[in-house]
Amino acid sequence: MDFFEIVKKRYSHKEAFLPDAVPLGDLEKIAEAGLLAPSGGNSQSVRLVILPDREALQPLCDFSPVLALRTAPAAIALFTDSATQTGAPGFEIEDYSAAAENMLLAATALGYASLWLDSPYFDDTDEKAARSALGAPDHCRLRVVLPVGLPDGPGTRRKKLPLSERMFYRKYNNKK
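Residues numbered from 1 in each chain as written. Predicted model: local features only at pLDDT ≥ 70, side-chain atom pairs only at ≥ 80, totals over all residues. Heavy atoms only, no water.

### A short note on the environment of A98
Then comes step 1: Tracing the backbone shows A98 in helix α5 (residues 92–109).
Then comes step 2: A relative accessible area of 21% means that A98 is categorised as partly exposed.
Then comes step 3: With 59 residues separating them along the chain, A98 and R157 place their C-alpha atoms 22 Å apart. (Helix = DSSP H or I, 4+ residues; strand = E, 2+ residues; numbered from the N terminus. Buried < 20%, exposed > 50% of the residue type's maximum accessible area, 1.4 Å probe, protein only.)

This is the structure we're talking about:
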């Protein structure tokens, strides 16, 4: 599959996953794609925890009612490490966003579905408890969890607006 096919095929899988295990080697490839993403000032603030099975990711289910997480056979937790940020401005948001997107595309390229799951960790208390459950230090922040697996069905894809409504030339709202 070529890159542009992968981009078009990727979607946010919010439904159930099949229980089939994801090989550790595939999870490592997905993680590596995230760690190869650009980072502001080369701070490399992203840290990942591979959760290779249900037992490892089960503690995160206490913080999320999302079916995809509750049924995924594996996941990758994405943190940013504030200790890497020197000077201003910090680029943690940009760093983890680039890493997460690379990982979502890598999962799609390997034939898996995934989901950018961040909303359970917006609450500081839940984020701290989830971070603690994964053994991360206080200077790290849990940003995103990506459930990974084979979808149990085709998955719902939301309709995208036509490119002509979102892409302009020379000035905003200039059509080609």
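### Some points on the sheet that holds strand β1 (residues 46–51)
Then comes step 1: Strand order in the open sheet made by the four strands is β1-β2-β4-β3, with antiparallel pairing throughout. Every other strand in the sheet has two partners, leaving β1 and β3 (113–114) as the edge strands with one partner each.
Then comes step 2: Here β3 runs beside strand β4 (residues 140–149); their pairing, made up of two bridges, is antiparallel. Bridge pairing in β4 links A113 to G149.
Then comes step 3: Against the sheet, helix α6 (residues 124–133) engages β2 (74–81) and β4, with an angle of about 70° to β4. (Pairing = 2+ DSSP bridges. Contact = heavy atoms within 4.5 Å. Axes fitted to C-alpha atoms, helices over the stretch in contact; angles between N-to-C directions.)

### What about unusual backbone geometry?
Then comes step 1: Residues other than glycine seldom take positive phi values, yet R170 does so here, at roughly 70°.
Then comes step 2: Assignment of secondary structure puts R170 in the segment after β4.
Then comes step 3: A relative accessible area of 86% means that R170 is categorised as exposed.
Then comes step 4: Despite not being glycine, N173 has its phi angle at roughly 75°, a positive value.
Then comes step 5: Here N173 is to be found in the segment after β4.

### Remarks on α6
Then comes step 1: Considered for burial, the residues of α6 that qualify are E127, A130 and R131. The buried residues of α6 occupy an angular sector of 100° when the element is viewed end-on, so they sit on one face. Those residues of α6 that are exposed and angled more than 90 degrees off the buried face are T125, K128 and S132.
Then comes step 2: Looking at the buried positions of α6, the neighbouring elements they touch are β2 and β4.
Then comes step 3: Two to three positions downstream of the cap, the backbone nitrogen of T125 sits 3.1 Å from a side-chain oxygen, assigning the N-cap of α6 to D123.
Then comes step 4: Just beyond α6, the residue with positive phi is G135, at close to 75°. (Arc of directions from axis to C-beta. Polar contact = N/O pair within 3.5 Å; in protein donor to acceptor, adjacent residues only side chain to side chain.)

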